[in-house]
Structures are given as C-alpha cells and as structure tokens.
Amino acid sequence: MQATHPALPAQVPTRPALPIEIDGLKLTLASPTLWRVTRRDGAVAGHLEYTPIESTDRFTARRLPRGGTRSIPVGSCWSWRDAVELLR
C-alpha cells in the first residue's frame, strides 16, 4: 500500500504507509520519503529512507551516532521492517 504526500499531486506515490510504532521503535515522518526512528527513551536511532525503484521499493537504514549530526548508512533492504531491524 502506498500513501501520497499532501503537497504533491495525488497520483505521485511517495512513501509506503507505515505503522507509527513497532517493537519499541517509533517512526516519525521527517519528509515525504524519510522517517526518524527513535527508541522508547527518545534517543534517535537513525533514519529510514524510502526510494521507489521501478516496480518495487527500497529502504535504507541510516544510523545516527550518539552526539552525531550526520547519519551513516548501515544497509538497504526491500522490506521496511528489515531496514528498521538494522537500527536496533
């Protein structure tokens, strides 16, 4: 299932519909194709980036080191759940 961003034309898919919280990690929309992933204590674990590739989706997990300002890519997956697991 895909959702569209309200600022874009309705026919342009920009991100899959994701749950807000999964297994103790909270996903907050940061941009049309980027989610901030936080732990229960509020610490930012990193980001989940969505990239549509032809007829499929790609999700890249980016870890934010403690005290860091730039995220580091830790892996890409076809499944958003797998990408979130990389941030544990």
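Right above here is the structure, for reference.
Basis of the calculations
Residues numbered from 1 in each chain as written. Predicted model: local features only at pLDDT ≥ 70, side-chain atom pairs only at ≥ 80, totals over all residues. Heavy atoms only, no water. Helix = DSSP H or I, 4+ residues; strand = E, 2+ residues; numbered from the N terminus. Buried < 20%, exposed > 50% of the residue type's maximum accessible area, 1.4 Å probe, protein only. Contact = heavy atoms within 4.5 Å. Pairing = 2+ DSSP bridges.

Caption draft 1: Up close: the environment of Thr-38. Mapping Thr-38 onto the fold places it in strand S5 (residues 34-38). Relative accessible area serves as the criterion here: at 12%, Thr-38 is assigned to the buried category. In the structure, Thr-38 is positioned 13 residues away from Leu-25 in sequence and 5.6 Å away in space, judged by C-alpha atoms. Those residues in contact with Thr-38, other than ones at most four positions away along the chain, are Gly-24, Leu-25, Lys-26, Ala-43, Val-44 and Ala-45.

Caption draft 2: Examining the pairing of strand S7 (residues 56-63) more closely. Across 8 bridges, the pairing between strand S6 (residues 44-53) and S7 is antiparallel. Looking across to S7, one finds that Pro-52 is bridged to Asp-57. Adjacent in sequence and paired antiparallel, S6 and S7 are bridged by 2 residues, among which Glu-54 carries a positive phi angle near 45°. Judged from the 5 bridges that link them, S7 and strand S8 (residues 72-77) form a sheet pairing that is antiparallel. The residue of S8 that forms the bridge with Arg-63 is Ile-72.

By themselves, these figures tell us nothing about what the structure is for.
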